[in-house]
Amino acid sequence: MKNLFICSSLLMLLFTSCDNNDSDNNNESKELSLVTSSNTSGKVSYTNLLASSPSVSYFTIASLDAEGVSYNSDTDAITVVSRTNNKLETYAGIKTAVTSGIANLTLSISGAATDFTNPRETAVSGDMVVVAQDQADINGNTNKLFLYQRTTTGFTLLKSFTTSFKLWGIHMDGNDLYAVADLTGDIVQFKNFTSNASGAITATKRVTIEGLTRTHGITYSSNDDVMILTDVASATSATDGGLVIIKNFSSVFSSTAAAGTIAVSNQVRIYGAQSLLGNPVDVAYDDVTNNIYVAERLNAGGQVLTFSYPTATGDAAPTNVRAEAGVTSIFVLRK
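Described below are features of the structure shown in this document. Just so it is clear, the model here is predicted, and its values are computed rather than measured. (Residues numbered from 1 in each chain as written. Predicted model: local features only at pLDDT ≥ 70, side-chain atom pairs only at ≥ 80, totals over all residues. Heavy atoms only, no water.)

## What about the layout of surface pockets?
What the largest pocket holds in volume is close to 980 Å³. As for the largest pocket, its lining consists of 40 residues, and the residues nearest its centre are Val-124, His-171, Phe-331, Val-332 and Leu-333. Going through the elements one at a time, strand 5 (66–72), strand 6 (77–82), strand 9 (119–125), strand 13 (167–173), strand 18 (215–221), strand 23 (280–286) and strand 27 (327–334) are the ones with two or more residues in the lining of the largest pocket. (1 Å grid on protein atoms, 1.4 Å probe; cavity = no way out; pocket = protein on both sides within 12 Å on 5 of 7 lines; lining within 4 Å. Points joined across faces, edges and corners; volume = space filled by probe spheres on them. Helix = DSSP H or I, 4+ residues; strand = E, 2+ residues; numbered from the N terminus.)

## With respect to the pattern of salt bridges
Inspection of every chain in the model, using the stated rule, returns 13 salt bridges. For the salt bridge of Glu-67 with Arg-83, the shortest nitrogen-to-oxygen distance reads 3.7 Å. A residue pair is termed long-range when its members are at least 10 positions apart, and Glu-67 in strand 5 and Arg-83 in the loop between strand 6 and strand 7 (87–92) qualify at 16 residues. On the basis of relative accessibility, which here comes to 21%, the residue Arg-83 falls in the partly exposed class. The salt bridge involving Asp-176 is made with Lys-191; its shortest N-O contact spans 3.0 Å. A residue pair is termed long-range when its members are at least 10 positions apart, and Asp-176 in strand 14 (residues 176–181) and Lys-191 in the loop between strand 15 (186–190) and strand 16 (199–200) qualify at 15 residues. With relative accessibility at 40%, the residue Lys-191 sits in the partly exposed group. Several salt bridges converge on common partners, so that one network encompasses Asp-65, Glu-67, Arg-83, Arg-120, Asp-134, Lys-166, Asp-182 and Arg-214. (Salt bridge = Lys/Arg side-chain N within 4 Å of Asp/Glu carboxyl O. Buried < 20%, exposed > 50% of the residue type's maximum accessible area, 1.4 Å probe, protein only.)

## Focus: the sheet that holds strand 25 (residues 303–308)
If you trace the 4 strands from one edge of the open sheet to the other, you get 23-24-25-26, paired in antiparallel fashion. Single-partner strands in this sheet number two, and they are strand 23 and strand 26 (320–323). For this sheet, the mean inter-axis angle between neighbouring strands, taken without regard to orientation, is 20°. In this structure, strand 25 lies alongside strand 26, joined through 4 bridges in antiparallel fashion. Note that in strand 26 the partner of Leu-305 across the bridge is Val-321. (Pairing = 2+ DSSP bridges. Axes fitted to C-alpha atoms, helices over the stretch in contact; angles between N-to-C directions.)

## Observations concerning the environment of Ala-113
Examined against the element boundaries, Ala-113 turns out to sit in the loop between strand 8 (107–110) and strand 9. Take Ala-113: its relative accessible area is 45%, and that puts it in the partly exposed class. Distance in space between the C-alpha atoms of Ala-113 and Leu-88 is 8.2 Å, their sequence separation being 25 residues.

## A closer look at the packing of aromatic side chains
Each aromatic ring pair is summarised here by two numbers: the centre-to-centre distance and the angle between the ring planes. Here the structure, examined in full by the defined rule, presents 12 aromatic pairs. Ring geometry for Tyr-178 versus Tyr-220: centroids 6.1 Å apart, planes at 45°, classification tilted. Of this pair, Tyr-178 sits in strand 14 while Tyr-220 sits in strand 18; the two residues are 42 residues apart in sequence, bridging distant segments of the chain. Each member of the pair Tyr-178 and Tyr-220 is classed as buried. Chaining the aromatic ring pairs together yields one cluster made of Phe-161, Phe-165, Phe-190 and Phe-193. Stacked on the ring of Phe-253, the Lys or Arg Lys-205 has its end atom at 4.8 Å from the ring centre. (Phe/Tyr/Trp six-rings, centres within 6.5 Å; stacked < 30°, edge-to-face > 60°. Lys NZ or Arg CZ within 6 Å of the ring centre and 35° of its normal.)

## Some points on the environment of Ala-103
Looking at the element boundaries, Ala-103 is found in the loop between helix 2 (94–100) and strand 8. For the pair Ala-103 and Glu-324, spaced 221 residues apart in sequence, the C-alpha to C-alpha distance is 16 Å.

## Concerning the pairing of strand 17 (residues 205–209)
Side-chain alternation along strand 17 places Lys-205, Val-207 and Ile-209 on a buried face and Arg-206 and Thr-208 on a face that remains uncovered. Summarising the sheet, strand 15 and strand 17 pair through 4 bridges and their orientation is antiparallel. In the sheet register, Asp-186 faces strand 17, and the bridge partner there is Thr-208. Relative to strand 21 (residues 261–262), strand 17 runs parallel, the two sharing 2 bridges. Within strand 21, the position partnered with Ile-209 by the bridge is Ile-262.

## Points about the sheet that holds strand 15
Within a sheet, adjacent strands bond to each other through the backbone by hydrogen bonds, running parallel or antiparallel. Across the sheet, 5 strands lie side by side as 13-14-15-17-21; this open sheet has mixed pairing. Looking at the sheet topology across the chains shown, the edges are occupied by strand 13 and strand 21.

## What about the side chain of Ser-37?
Along the chain, Ser-37 falls in strand 2 (residues 32–38). Reaching out from Ser-37, the side chain makes a polar contact with the side chain of Ser-329 at a distance of 2.4 Å. Contacts of Ser-37, omitting those with residues within four sequence positions, involve Lys-43, Val-44, Ala-66, Glu-67, Gly-68, Val-69, Val-80, Gly-326, Val-327, Thr-328 and Ser-329. (Polar contact = N/O pair within 3.5 Å; in protein donor to acceptor, adjacent residues only side chain to side chain. Contact = heavy atoms within 4.5 Å.)

The structure is reproduced here in structure tokens:
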């Protein structure tokens, strides 16, 4: 197992932010975990951000290429959607592995390897897990969403849905699903997603985010009512990526007509050379520290970037930069 220690000055900034936050949940939090996956290294990472000296632990898993990472503290398990094996995979005993110095995780449960190909992301709500399949020749250029129920022995496929747009990032908010429409600056909402019947699914609403070239990462905090999106723009450019933050999202979204546009005036945007955002493929958010965590895939071969919540649009440097080869997905859990 390889550990990477965060520098003391950044730790001081991080914990000062935590201690001074006004959230009632702050002093009660027992868990603040950050996990990531990679599409080149065959590793996942785990960081306990509440530790007195937070360090990053890396573990080898059975998938060289993995996305859609999440962490469940009740079962102490990391779940990924494997692009190597085309199935959901769960690896338990993370904290034991950290304390014992174990470098390789053993697969504990998995789903079927016959449901999907070319998966890109997962969304989790309780024991429900949604997988987004991106179109490719191998799956007949079909974009699909797969709804699973996680059990103690595996993942049961409940329903599957075809979409009329290209998929990438997805996020569950209760029973509602938000998805990005890849190759566009649009996001899509499916109200009461799990209640739909299998087959072609129709969006409740689709809107365009003004000034956003190509969406990939998406996350929403109901506590702060903030939507955060990543813009990869040109996939080959290491300098044109960005973050789009939409405050008071529920009212902004509801007041935007279907096929309408959320104006730049309703956004706070981070773009520019200082940001190191070139191809930000995934994003996570902690609503206590208000830190934004980004999986930046292109710059330096992969970096995990941490940003303070911006108060105004502009070019902002990350507060922490961590090299991580091939990082593709990122997830934060606070309890």
